[in-house]
Amino acid sequence: QQQPSEGDVLIVCAGENDIGNGFPLHDTLRSFRDLLEYWGSKWNHHSSSSSLLIFLGPKLEPWLTDDPASRKRYVKMSKSMQKASSNREGVIFVDCLTMFCTTTTANVPGAVLGGKAQADPRFFDPDQLHLNEAGYALWKQVIDTIILQNQ
């Protein structure tokens, strides 16, 4: 198994399909914690290493507008992943919940839990799940900034 080189970056996005497929949230979070443990023990075990794990948290997607139960699971998953990522060397959690929401709904009080934040269809493919070119371009900007800040 290959070990990372100085300055390697691993970018991960996971968990959204689990919720969409009805998997229990605790199973997804256990897998996430396992990933973090693996990262800490195998990839970033030397304090002199500058390798970086960037985890892109779940994002509110257009299909969630009609599924408040799944939306709540997305929010809970995001908060749990953010908490599990905190204080881990070489791990950066990116809160993406409202990153792809309309600017008029993303920052209003109660936007996330109250269902007011609405995914902006300009960032999504017609399947209302996957990002389109504009969505990936936004993610790339965020990732590039993080990498530059951590060089």
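Structure: see above.
Before going into details, it helps to say that this report is about the structure given with it. Worth saying up front: this structure is predicted, and the values here are computed from it rather than measured.

As for the overall build of the protein chain
A tally of regular secondary structure across the protein chain gives five helices and three strands. Expressed as a percentage of its 151 residues, the buried residues of the protein chain come to 38%. For the protein chain, the exposed surface amounts to about 8600 Å²; the carbon and sulfur share of it is 52%.

So, unusual backbone geometry
Even without a glycine there, the phi angle at N87 is positive, about 60°. Take N87: it is sitting in the loop between α3 (68-85) and β3 (91-94). If you check the backbone angles, Q128 has positive phi at about 65° while not being a glycine. With respect to the secondary-structure elements, Q128 resides in the loop between α4 (103-106) and α5 (133-149). For Q128, a relative accessible area of 38% translates into the label partly exposed.

Notes on the packing of aromatic side chains
With the rule as written, the count across this model stands at seven aromatic pairs. Aromatic side chains F32 and F55 sit 4.6 Å apart centroid to centroid with 65° between the ring planes, which places their arrangement in the edge-to-face category. Of this pair, F32 sits in helix α2 (residues 25-43) while F55 sits in strand β2 (residues 52-56); the two residues are 23 residues apart in sequence, bridging distant segments of the chain. An identical accessibility class is assigned to F32 and F55; each is buried. Measuring from centroid to centroid gives 5.8 Å for F100 and W139, while their planes differ by 85°, and the two rings are edge-to-face. Here the residue F100 occupies a position in the loop between β3 and α4, and W139 occupies one in helix α5, the gap between them amounting to 39 residues. With respect to burial, F100 and W139 carry one shared label: buried. Grouped by ring-pair contacts, the aromatic residues F100, F123, F124, Y136 and W139 constitute a single cluster.

Quick notes on the sheet that holds strand β1 (residues 9-13)
The three strands lie next to each other as β1-β2-β3, forming an open sheet whose pairing is parallel. Pairing within the sheet leaves two strands with one partner each, and these edge strands are β1 and β3. Between one strand axis and the next, the sheet turns through 15° on average, direction left out of account. With four bridges joining them, β2 and β3 adopt parallel strand pairing. By the bridge assignment for β3, L56 is matched with V94. Those strands touched by α3 are β2 and β3, and its axis lies near 160° from that of β3. On top of the sheet, α5 reaches β1, β2 and β3; it is set at about 150° to β2, its chief contact.

Quick notes on the pattern of salt bridges
The final tally for this structure, using the stated rule, is six salt bridges. Between D144 and K140 there is a salt bridge whose closest N-O contact spans 2.6 Å. Within this pair, D144 and its partner K140 are both found in helix α5, separated by four residues, close to a single helical turn. Note on D144: relative accessible area 32%, which makes it partly exposed. Salt bridges sharing common partners tie together E16, K59 and E61.

Focus on the environment of I143
Here I143 lies in helix α5. The spatial distance from the C-alpha of I143 to the C-alpha of I54 is 7.8 Å, given a sequence separation of 89 residues.

Reading guide: rules and limits
Residues numbered from 1 in each chain as written. Predicted model: local features only at pLDDT ≥ 70, side-chain atom pairs only at ≥ 80, totals over all residues. Heavy atoms only, no water. Helix = DSSP H or I, 4+ residues; strand = E, 2+ residues; numbered from the N terminus. Buried < 20%, exposed > 50% of the residue type's maximum accessible area, 1.4 Å probe, protein only. Areas by Shrake-Rupley, 256 points an atom, 1.4 Å probe, with all protein chains shown as cover. Phe/Tyr/Trp six-rings, centres within 6.5 Å; stacked < 30°, edge-to-face > 60°. Pairing = 2+ DSSP bridges. Axes fitted to C-alpha atoms, helices over the stretch in contact; angles between N-to-C directions. Contact = heavy atoms within 4.5 Å. Salt bridge = Lys/Arg side-chain N within 4 Å of Asp/Glu carboxyl O.

Such coordinate-based values are descriptive only and should not be taken to indicate function.
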